[in-house]
Amino acid sequence: MQPGVRVCVPNATMLGLFCRGCLSRARSLHARCFSCLPRQMSRWNSQDTCSPPPPKESPRVLITGGLGQLGVGLAQILRKQYGIENVILSDIKKPPPHVFNSGPFVYADVLDYRLLRELIVNNRITWLVHYSALLSAVGEANVALARKINITGLHNVLDLALENCLRLFVPSTIGAFGPSSPRDPAPDLCVQRPRTIYGVSKVHGELMGEYLHHKYGLDFRCLRYPGVISVNTTPGGGTTDYAVQIFHDALSTGHHECYLRPDTRLPMMHISDCHRATVEFMQAPECQLSLRTYNITAMSFTPEEVAQEIRKHLPHLKVTYNPDSVRQTIDSWPVRFDDSNARRDWGWAPAFGLEELVSDMLRSIREKRTNEGLPVS
């Protein structure tokens, strides 16, 4: 036997310690041995039962990477539903005053397993939303760091979710597909084989979550997001960020230089649809879920198509194209997502099409720039 590794054989007492869905698996595996890593020992040795909270009890939510594009907005929605104190934002950066004053915020490095464990235990966390990741373009510029954050950090979160019987949400991405994937549309289940560290790490996360769900009953949930368009956060290094920056440029200088070709079509979504999909998916009863990872989308457009829609409001907009060799590798990404399984299983339906998205983004950015005393083109 290797040092530091204990072989655990489930007995009648231990069968009560498994998360939902684990009991039948444990019984069927009664003749087998389980190898338990040292940092997972408390899960097997604990005398506490691992039953979910009562139906009327609000979830206690921890959001990692909370200062990125999605965390703050999701926290606002969840706090309205479940109470301010029940949703904790975390990151390794200092939050702006309005975020710090809006609800609980803590420092959390996803590479620090012990710190994460203390946060989960001390705050009685039941849901974990894992947004910490280096996005596609940034990850390609620093592969070693992306591997640490996107893979090692993910494993910390998976282990802690399993140990503490959490409902775990980890987003995936359009970048999880590769040149051999179906592109128009891309189904939920198909060949993926991405060629970026970001995409590889997301496929790894999808498969690890599914494996732990089937083997141990981990309540793992994952949505493959398309490009997400938001007014409240600046672009963070993703390949689809042009679809955010073009609105800011249209209202500030009237000129946008796009790093993609004008005919590069990609799936996209308004951030309010993205947040709503995430909340509805997390709230969906497990019995409704036929998959652990679903595609979701709202529309697909090219840089030239969104520019033409903006010109209906701002005819003076000028767009030049200077394709970036790294970001243009998304030519292998899907043109459209097939999200029919999400629509069938838990009722997903977007509210924003291209016309509604453009009108809302221009209105919101114009209002924001005016309030900040900035010129509006």
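Right above here is the structure, for reference.
The model shown is predicted, which means the values in this text are computed figures rather than measured ones.

(A) Broad picture of the pattern of salt bridges. A complete count under the given rule lists 17 salt bridges for this structure. With a shortest N-O distance of 2.7 Å, Glu-163 and Arg-117 are connected by a salt bridge. In this pair, Glu-163 is assigned in helix H7 (residues 143-164) and Arg-117 in helix H5 (residues 113-122), connecting sequence segments 46 residues apart. Taking the relative accessible area as the measure of exposure, Glu-163 reaches 10% and is therefore buried. For Arg-276, the salt bridge identified is with Glu-280, shortest N-O distance 3.3 Å. Placement of the pair is Arg-276 and Glu-280 together in helix H10 (residues 271-283), with a separation of four residues, close to one helical turn. Classification of Glu-280 by relative accessible area gives partly exposed; the value is 26%.

(B) Molecular detail of helix H3 (residues 71-82). Helix length check: H3, at 12 residues, gives a terminal C-alpha distance of 16 Å against a target of 16 Å (1.5 Å per residue), a fit within 8%. All of the buried residues along H3 are Gly-71, Val-72, Gly-73, Leu-74, Ala-75, Leu-78, Arg-79 and Tyr-82. Each element contacted by the buried residues of H3 is listed here: strand S3 (61-64), strand S4 (87-91), helix H4 (97-100), strand S6 (127-130) and H10. Of the residues flanking the end of H3, it is Gly-83, one or two places downstream, whose phi is positive at about 105 degrees.

(C) Looking closely at the nonpolar core. Core analysis: the biggest nonpolar cluster contains 35 residues, and Ile-63, Leu-223, Tyr-225, Ile-296 and Trp-346 have the highest contact counts within it. The element contributing the most residues to this core is H10, with six residues. If near-sequence neighbours (up to four positions away) are discounted, Tyr-225 is found in contact with Leu-70, Tyr-131, Phe-169, Pro-171, Ser-172, Thr-173, Ile-174, Cys-274, Thr-278, Ile-296 and Phe-337. In terms of nonpolar packing, the next biggest core, distinct from the first, is built from 32 residues, Cys-258, Phe-301, Ala-307 and Trp-333 among them.

(D) Layout of the environment of Ser-132. Here Ser-132 is to be found in the loop between S6 and helix H6 (136-141). Placed 69 residues apart in sequence, Ser-132 and Ile-63 show a C-alpha to C-alpha distance of 8.7 Å. Only 3.4 Å separates the side chain of Ser-132 from the side chain of Thr-64, close enough to count as a polar contact. A polar atom in the side chain of Ser-132 sits 2.9 Å from the backbone nitrogen of Gly-65.

(E) Geometry of the side chain of Thr-278. With respect to the secondary-structure elements, Thr-278 resides in helix H10. Residue classification places Thr-278 among the buried residues on the basis of a relative accessible area of 1%. In contact with Thr-278, other than residues within four places in its own chain, are Leu-74, Tyr-131, Phe-169, Leu-223 and Tyr-225.

(F) Summary view of empty space enclosed by the protein. Enumeration over the complete set of coordinates arrives at two cavities of 30 Å³ or more. As a volume, the largest cavity reaches approximately 90 Å³. Lining of the largest cavity is provided by 13 residues; of these, Asn-150, Leu-154, Val-170, Ser-201 and Lys-202 occupy positions nearest its centre. Of all the elements in the fold, those that place two or more residues in the lining of the largest cavity are H7, helix H8 (197-216) and strand S9 (219-225). Looking at the lining of the largest cavity residue by residue, the class counts come to six nonpolar, five polar and two charged.

(G) Seen up close, the packing of H7 against H8. Where H7 contacts H8, the axes come no closer than 10 Å and their chain directions differ by 15 degrees. Classified by the angle their axes make, H7 and H8 are roughly parallel. The two elements H7 and H8 cross, and the hand of that crossing is right-handed. Counting all contacts with H7, which are made through Val-143, Ala-146, Arg-147, Asn-150, Ile-151, Leu-154, His-155, Leu-158 and Leu-162, the residues of H8 involved are Ile-197, Tyr-198, Ser-201, His-204, Gly-205, Met-208, Gly-209, Leu-212 and Tyr-216. By residue class, the composition of the contact of H7 with H8 is 11 nonpolar, six polar and one charged.

(H) Region of interest: the side chain of Ser-132. Taking relative accessible area as the criterion, Ser-132 reaches 12% and is therefore assigned buried. Not counting chain neighbours up to four residues away, the residues in contact with Ser-132 comprise Thr-64, Gly-65, Val-110 and Ile-149.

(I) Highlighting the packing of aromatic side chains. If you walk through the whole model with that rule in mind, you get nine aromatic pairs. Between Tyr-82 and Trp-127, the ring centres sit 5.7 Å apart and the planes meet at 80 degrees, which makes this aromatic pair edge-to-face. Placement of Tyr-82 in helix H3 and of Trp-127 in strand S6 is noted, with a sequence separation of 45 residues between them. Of the two residues, Tyr-82 and Trp-127, neither departs from the other in class, the shared state being buried. With centroids separated by 6.4 Å and ring planes inclined at 90 degrees, the aromatic side chains of Tyr-131 and Phe-169 adopt a geometry described as edge-to-face. Highlighted residues: Tyr-131 in the loop between S6 and H6 and Phe-169 in strand S7 (residues 167-169), separated in sequence by 38 residues. Using a relative accessible area of 11% as the deciding quantity, one classes Tyr-131 as buried. Ring pairing ties together the aromatic residues Tyr-131, Phe-169, Tyr-225, Phe-281, Tyr-294 and Trp-346, which thus form one cluster.

(J) Inspection of H10 at higher detail. The end-to-end C-alpha distance of H10 is 18 Å, a good match for the 18 Å that 13 residues give at a rise of 1.5 Å each. For H10, the set of buried residues is Ile-271, Asp-273, Cys-274, His-275, Ala-277, Thr-278, Val-279, Phe-281 and Met-282.

The rules behind the values
Just so you know, the residues in each chain are numbered from 1, in the order the chain's sequence is written. Per-residue local features of the predicted model are confined to residues with pLDDT of at least 70, and side-chain atom pairs are confined, for both listing and counting, to 80 or more; whole-chain, interface and lining totals are unaffected and use all residues. The side-chain quantities take in all heavy atoms of the structure and omit both hydrogens and water. Between Lys or Arg on one side and Asp or Glu on the other, a salt bridge is scored when a side-chain nitrogen of the former is within 4 Å of a carboxyl oxygen of the latter. The numbering of helices and of strands both runs from the N terminus, where a helix is a DSSP run of H or I of at least 4 residues and a strand a run of E of at least 2. A simple rule labels every residue: compare its accessible area, found with a 1.4 Å probe on the protein chains alone, to the largest value its type can have, and call it buried under 20%, exposed over 50%, or partly exposed in between. Multiplying 1.5 Å by the helix residue count minus one yields the expected span of that helix. Contact definition: two residues touch when any of their heavy atoms are within 4.5 Å. Think of a nonpolar core as a cluster: buried Ala, Val, Leu, Ile, Met, Phe, Trp, Tyr and Cys residues, connected wherever their side-chain atoms sit within 4.5 Å. By the criterion applied in these results, polar contacts are pairs of N or O atoms within 3.5 Å in which, for protein atoms, one can donate a hydrogen and the other can accept it, and in which residues neighboring in sequence qualify only through two side-chain atoms. Only protein atoms enter the 1 Å grid used here, on which a cavity is any set of points holding a 1.4 Å probe that cannot leave and a pocket is any open set flanked by protein within 12 Å on both sides along at least five of seven lines; residues with an atom within 4 Å of a point are listed as lining. Grid points are joined across faces, edges and corners, and a volume is the space filled by probe spheres set on the points. Under the convention adopted here, Pro, Cys and the residues Ala, Val, Leu, Ile, Met, Phe, Trp and Tyr are nonpolar, Asp, Glu, Lys and Arg are charged, and Gly plus all remaining residues are polar. Axis lines are fitted through C-alpha atoms, for helices just across the contact stretch, and the angle between N-to-C directions can take any value from 0 to 180 degrees. For classification, angles of less than 35 degrees are called roughly parallel, those exceeding 145 degrees roughly antiparallel, those between 65 and 115 degrees roughly perpendicular, and all remaining angles oblique. By convention the crossing between two helices is left-handed if the near helix lies anticlockwise of the far one by an angle smaller than a right angle, and right-handed if it lies clockwise. Two aromatic rings, drawn from Phe, Tyr or Trp (for Trp, its six-membered ring), form a pair once their centres lie within 6.5 Å of each other, and the interplanar angle then sorts them: stacked below 30 degrees, edge-to-face above 60, tilted otherwise.

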